[in-house]
Amino acid sequence: TQQSALFDGTNWVRTGFSRSASSTLFDINENHFAVGLNLPPDEDPSNSVFAVRVHRDAPFDIFSLGTLTGEHGTAKARSINNLNIAVGDSLNAAGKLRAVRFETNGTVTDLGTLGGDTSTAIAINDDGVIAGESKNSAGQIRGFILGDDGIMRDIGTLGGGETFVTAMNRHGAIVGQSVTETGALEASVFANEELQPLGTLGGTESSAHGINDAGVIVGSSRKANGALTAFIKFPRQAMQDLASLIPSIHQDALISARAINNRGSIIADGSYGSH
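Residues numbered from 1 in each chain as written. Predicted model: local features only at pLDDT ≥ 70, side-chain atom pairs only at ≥ 80, totals over all residues. Heavy atoms only, no water.

Some details on the overall build of the protein chain
At step 1: Secondary structure assignment for the protein chain yields 0 helices and 24 strands.
At step 2: What you see for the protein chain is a C-alpha radius of gyration of 19 Å, in line with the 19 Å of a compact globule of 275 residues.
At step 3: Across its three principal axes, the protein chain shows a C-alpha extent of roughly 50 × 45 × 30 Å.
At step 4: Buried residues in the protein chain amount to 44% of all 275 residues.
At step 5: Once local pairs closer than 6 in sequence are excluded, the contacts in the protein chain between residues at least 24 apart make up 33%.
At step 6: A total of about 13,500 Å² of accessible surface is found on the protein chain, and carbon and sulfur atoms cover 49% of it.
At step 7: One way to put it: in the protein chain the 19 positive side-chain charges average out to a point 2 Å from where the 29 negative ones average out. (Helix = DSSP H or I, 4+ residues; strand = E, 2+ residues; numbered from the N terminus. Rg over C-alpha atoms; globule rule 2.2 N^0.38 Å. Buried < 20%, exposed > 50% of the residue type's maximum accessible area, 1.4 Å probe, protein only. Contact = heavy atoms within 4.5 Å. Areas by Shrake-Rupley, 256 points an atom, 1.4 Å probe, with all protein chains shown as cover. Lys, Arg positive; Asp, Glu negative; His and termini not counted. Charge placed at Lys NZ, Arg CZ, Asp CG, Glu CD.)

Structural notes on the sheet that holds strand 11 (residues 115-124)
At step 1: Strand order in this open sheet of 4 strands is 11-12-13-14, and the pairing throughout is antiparallel. In this open sheet, the two edge strands, each paired with only one partner strand, are strand 11 and strand 14 (152-154). With strand direction ignored, the average angle separating the axes of adjacent strands in the sheet is 35°.
At step 2: Sheet topology note: the strand 13 (residues 141-146)/strand 14 ladder contains 3 bridges and is antiparallel. Across the sheet, the residue bridging to Phe 144 is Asp 154, located in strand 14. (Pairing = 2+ DSSP bridges. Axes fitted to C-alpha atoms, helices over the stretch in contact; angles between N-to-C directions.)

Examining the pattern of salt bridges
At step 1: For the coordinates displayed, the defined rule picks out 10 salt bridges.
At step 2: Where Lys 96 meets Asp 117, a salt bridge forms, and the shortest distance between an N and an O atom there is 3.5 Å. Taken together, the residues span a long stretch of sequence, with Lys 96 in the loop between strand 8 (86-91) and strand 9 (97-102) and Asp 117 in strand 11 at a distance of 21 residues.
At step 3: On the basis of relative accessibility, which here comes to 35%, the residue Lys 96 falls in the partly exposed class.
At step 4: A residue is classified by how much of its surface remains accessible, and Asp 117, at 37% relative accessible area, is partly exposed.
At step 5: Across the pair Arg 153 and Asp 149 runs a salt bridge whose closest N-O atoms are separated by 2.8 Å.
At step 6: For Arg 153, a relative accessible area of 39% corresponds to the partly exposed category. (Salt bridge = Lys/Arg side-chain N within 4 Å of Asp/Glu carboxyl O.)

Here we look at the packing of aromatic side chains
At step 1: For the coordinates displayed, the defined rule picks out 1 aromatic pair.
At step 2: Relative to Trp 12, the ring of Phe 7 has its centre 5.1 Å away and its plane inclined at 55°; by these criteria the two rings are tilted.
At step 3: For Phe 7, a relative accessible area of 45% translates into the label partly exposed.
At step 4: A relative accessible area of 63% means that Trp 12 is categorised as exposed.
At step 5: Positioned above the aromatic ring of Phe 33 is the side chain of Arg 53, whose terminal nitrogen or guanidinium carbon lies 5.2 Å from the ring centre. (Phe/Tyr/Trp six-rings, centres within 6.5 Å; stacked < 30°, edge-to-face > 60°. Lys NZ or Arg CZ within 6 Å of the ring centre and 35° of its normal.)

Overview of the nonpolar core
At step 1: Counting 12 residues, the largest nonpolar core consists of Ile 122, Ala 123, Val 129, Ala 131, Ile 145, Ile 155, Leu 158, Val 165, Met 168, Ile 174, Phe 190 and Leu 195.
At step 2: When residues of this core are traced back to their parent elements, those giving at least two are strand 11 and strand 15 (159-168).
At step 3: Setting aside residues no more than four positions away along its own chain, Ile 174 makes contact with Ala 131, Phe 144, Ile 145, Ile 155, Val 165, Ala 167, Met 168, Ser 188, Val 189 and Phe 190. (Core = buried A, V, L, I, M, F, W, Y, C linked by side-chain atoms within 4.5 Å.)

Regarding the pairing of strand 12 (residues 130-136)
At step 1: With 6 of 7 residues buried, strand 12 is to be regarded as a mostly interior element.
At step 2: Pairing analysis gives 6 bridges linking strand 11 to strand 12, with the strands arranged antiparallel. The residue bridging Ala 121 from the neighbouring strand is Gly 132, located in strand 12.
At step 3: Bridging between strand 12 and strand 13 involves 6 bridges; their strand directions are antiparallel. Bridge pairing links Ile 130 to Leu 146 in strand 13.
At step 4: Here strand 12 folds back onto strand 13, and the loop between the two strands holds 4 residues, one of which, Gly 139, carries a positive phi near 85°.

Geometry only, nothing functional implied.
Right, here's the structure in full:
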């Protein structure tokens, strides 16, 4: 079974989901609270999927964040800010997936949609700004930003029909990818009320996966030869092949950079030989 764990800088810490069929953690804040989901074991008749919170120093003290339909619902928590407020999604009474905010008092709030019937919240910063995806009235997936006024706003596209969101920094800059006029998928960033293209490394598509508070963006892009590689993009500079900046890494080893923190540490996927 797939079991969630926390890394404390030296060791992997089990999180006590011993009776679950599977568990996953998606995000952790500076207070060392992590959030994710817990699937019940097959013998559990409730068929519930719970959004959960757990602390690094008390990994077996697992707290259910609730659902939109009560005890026997379905929900997952995708992000948590440093005020311990989490966001994610939950099925509502009609069985539709809706973006939600998990309050510290146990309240689960439906955040609405962009006119369609489904939505999901992907990130929340310390100002309470939330980023995510929602279907619009035409059934297209669009990125959204939701501020303290409670109004969900479409962040636009690069000329095509859809936009996808992966991460947001504390300033509310949102990254992901968007469909262009030609139908290609290109890495994008929403900042200063505008969705901007990030380009590629010579290939036909790219996707941004992470952004830190300094505005440094990482992700993946196809090169001119069609191969996927990890990229890094500094503010006011062109996208660069991450592997080309690290002499100790084989040029074809990196596939995608997933996240970057404020110290500049990057986590990435790659392959080299059989590993």
